[in-house]
Every structure is written in C-alpha cells, then in structure tokens.
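# A structural walkthrough
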Amino acid sequence: MFFGIFEKMQQWDSNYEVQSLYQSYFADLYDKLTQETKYDLEFYDKHTILCRGDILELACGSGRILLYLASKGFNVTGIDLSEDMLDILRNKLSQQPIDVQSRIKLYCADMKDFSLNKLFGLILLPATSISLLKNYSEIEMLFKTVHKHLRKDGQFIFDYRDNYSSTPITYSPLITWTDTTPKNEQRVLMVQECNNFLESKSIVNCYSEIKSNGRKKRLFSYSEKAIFTFDGLQKIVHKTGLKIVETREMIIYENEKLKIVVLGKV
Ligand SMILES: C[S@@+](CC[C@H](N)C(=O)[O-])C[C@H]1O[C@@H](n2cnc3c(N)ncnc32)[C@H](O)[C@@H]1O
C-alpha cells in the first residue's frame, strides 16, 4: 500500500491518519490540483460535436469535464462513487447560471453497475478512471452496463495508461510542493507513483502535512489502479456487443502515455 519514502515516514512518526484519495481533505486537494488539467478536453470536444443525444460521464468526480460540457450547452449526467467529490461538484454547480444547472443530473453510483433507464449519445470515462476497476471481470461488467445505456449510434470513450516497461517495477519522480492554504496554514504535499508490472498494478502514494498555530497534522493517502493491456481490453470489447471505432495515443508529459479508445455498438 505505502512504499519507499512514504513507508519510512510512517515508521518514523506514528502520529498520522490515512484517508481515501477521493474523500474529505484529499477530495478537495484533488479538485484543486486538477483545475488546470485540460489535455483531454480538445479530444472530447471533437466527439461531442458529432454526438446525438445526451452525454453521460462515468466517474465524473468534482466535474472538471462535466461542467465544461454543460457550460457548452450539452445535457450531461454524471455518476461517481464518492459523495464528497459530488458535493464539491454540487457546490461549484450552485455558482453556475440556472440554465447550466438545469442541464446537469448527478448520481452517486458504481460505474460498473447502475441503471438509469435512459440511452446516451456519448458516454465518457476520462482521467484513466477505468483502471480503478480491479480486474477484467469488473471491466466486463462496466462494458455491459455501458452497452445498456448507449444509443445505437452512440460512442463510449475511455482512456488508460499504456506504459508497459521491461523493468518490472518503476517509480515516477517524487513530486513535492508547498503552499499556504486560504486559512493561512503551511502545507507540504508529496506524491509518487509506483508501477508494479509483475502484479499489474500502479499505486499512487500521497502525503500532506499541514501546520497551523504550532500544530502539525500528517495525512497519507493512496490509490491503486490496475494495469490493463490493449489485448485484454479488446477481448472484453468483443464479448460485450461493442466494437473499436478509433484509438489514439496521447503523450501528456514525459513517460506518461495514454491510449484513448472510442467504442461503438456492433
Ligand atoms: C481520477 S478521478 C476523475 C475525476 C474526473 N472525471 C476528472 O477527469 O477529473 C476518479 C474518480 O472516480 C471515482 N470512482 C472510483 N471508483 C468508482 C466507481 N467504481 N464508480 C464510480 N466512480 C468511481 C472517484 O470517486 C473519483 O471521483
């Protein structure tokens, strides 16, 4: 769960809390850190123009993409498993014009198993969130659920990390960052990712230290993502009545290669 420097920091000082990455403090932090993340918007723009019908975003989080699409005039439904992420989104939404608010519907649900009794022209699963599913049988459940909610002429678009390496275990550079919060607290943040190709998983570790009035709070968080292969995903596509329409590779920064996959109904 925790590796390297993160594991050591827990051993040196046992005064810390472990919180989920998409809840409470880390949900807010995730939202702040991704406010300027725009690498994928242009790709989604191209597909929304051609889309007939409403849009569904799975794992919509705090609304980075959903709010963007609704402000462009699309009706967008969002699904996420975390009420905390949805609360951040609801809060942002309350500051939007009424017409934007009226175009958005939000549900707290599991992306691999929900039923909205509605068909969508475009279903999106951005930000490599498909890898939050644990294995190929969960992917199969997801694809079947998507199939049930997709119009005949609709498209389902997801992206995933396509970064296989001949080295069995690789580490991203350790990112460290300090700032002062709006409450005037001194904050340190550390993030690193470990790709374990032997176990087909990648683990993100986060540490945050918040100092105010001489007191220090130490918080750790982690997220585990499965490493899927294109061949493995392709097999599930064919089993679930879907077909590959397009694939695109995108390098978002050094060593960070994404594959975007567009699926349609057979
Ligand atoms: C990396 S964030 C992506 C948020 C947003 N789509 C974006 O692009 O910024 C992943 C999101 O997936 C949600 N999530 C994790 N597992 C899920 C599941 N099984 N069903 C629905 N949402 C899930 C988390 O709560 C989190 O908000």
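Residues numbered from 1 in each chain as written. Predicted model: local features only at pLDDT ≥ 70, side-chain atom pairs only at ≥ 80, totals over all residues.

### Quick notes on the overall build of the chain
To keep it simple, the criterion reads: What counts as a helix is a DSSP run of H or I of at least four residues, what counts as a strand is a run of E of at least two, and both are numbered from the N terminus. Note on method: radius of gyration uses C-alpha positions; expected globular size equals 2.2 Å times residues raised to 0.38. Put simply, a residue is buried when 20 or more other C-beta atoms lie within 10 Å of its own C-beta and exposed when 12 or fewer do; between those, it is partly exposed, and each C-beta is set from the backbone. By the convention adopted here, residues are in contact when the distance between their C-beta atoms, placed from the backbone, does not exceed 7 Å.
Secondary structure summary: the chain contains 8 helices and 13 strands in total. The C-alpha atoms of the chain give 19 Å as radius of gyration, which agrees with the globular expectation for 266 residues (18 Å, within 12%). Looking at the 266 residues of the chain, the share that counts as buried comes to 29%. Across the chain, every contact between residues at least 6 apart in sequence was considered, and the portion connecting residues at least 24 apart equals 66%.

### Comments concerning helix 2 (residues 24–33)
To be explicit about the condition: By definition, the arc is the one covered by directions from the helix axis to the C-beta atoms.
For helix 2, the set of buried residues is Phe26, Ala27 and Tyr30. For helix 2, the arc enclosing every buried residue in end-on projection is 105°, short of the 170-degree limit, so these residues lie on one face. Those residues of helix 2 that are buried are in contact with helix 5 (83–93), strand 10 (201–212) and strand 11 (215–226).

### Quick look at the site of the ligand
In plain terms, the rule: As used in this record, a residue near a molecule or strand is one whose C-beta atom, placed from the backbone, is within 6 Å of it. Basically, the charged four are Asp, Glu, Lys and Arg, the nonpolar ten are Ala, Val, Leu, Ile, Met, Phe, Trp, Tyr, Cys and Pro, and anything else, Gly included, counts as polar.
Among the 19 residues in the neighbourhood of the ligand, the closest are listed as Tyr22, Ala59, Gly61, Ser82 and Ala127. At the level of secondary structure, the elements contributing two or more residues to the shell around the ligand comprise helix 4 (64–71) and strand 3 (76–80). Classifying every residue of the shell around the ligand by side-chain character gives 11 nonpolar, 4 polar and 4 charged.

### Here's the deal with the environment of Met9
In this structure, Met9 sits in helix 1 (residues 4–12). Linking Met9 and Arg218, residues 209 residues apart in sequence, is a C-alpha distance of 9.9 Å.

### Comments concerning the domain arrangement of the chain
Selection rule: Each domain's extent is set by a domain assignment, obtained either automatically or from a database.
Entries for the chain in the domain assignment read domain 1 (4–32 + 165–225) and domain 2 (35–162 + 227–265). Using only C-alpha atoms to locate each centre, domain 1 and domain 2 end up separated by 26 Å. At the interface, 13 residues of domain 1 touch 10 residues of domain 2. Counting residues per element, the ones that place at least two in the side of domain 1 that touches domain 2 are helix 2 and strand 10. If you tally residues by element for the side of domain 1 that touches domain 2, the top one is helix 2, at 5 residues. Residues that form the side of domain 1 that touches domain 2 fall into these classes: 3 nonpolar, 5 polar and 5 charged.

### Here we look at unusual backbone geometry
Its identity is not glycine, yet Ala59 carries a phi of approximately 55°, on the positive side. Along the chain, Ala59 turns up in the loop between strand 2 (55–58) and helix 4. Positioned with a positive phi, Ala127 is a non-glycine residue whose angle comes to about 60°. Structurally, Ala127 is set in the loop between strand 5 (120–125) and helix 7 (136–149). When the 20 C-beta atoms within 10 Å are taken as the criterion, Ala127 is described as buried.

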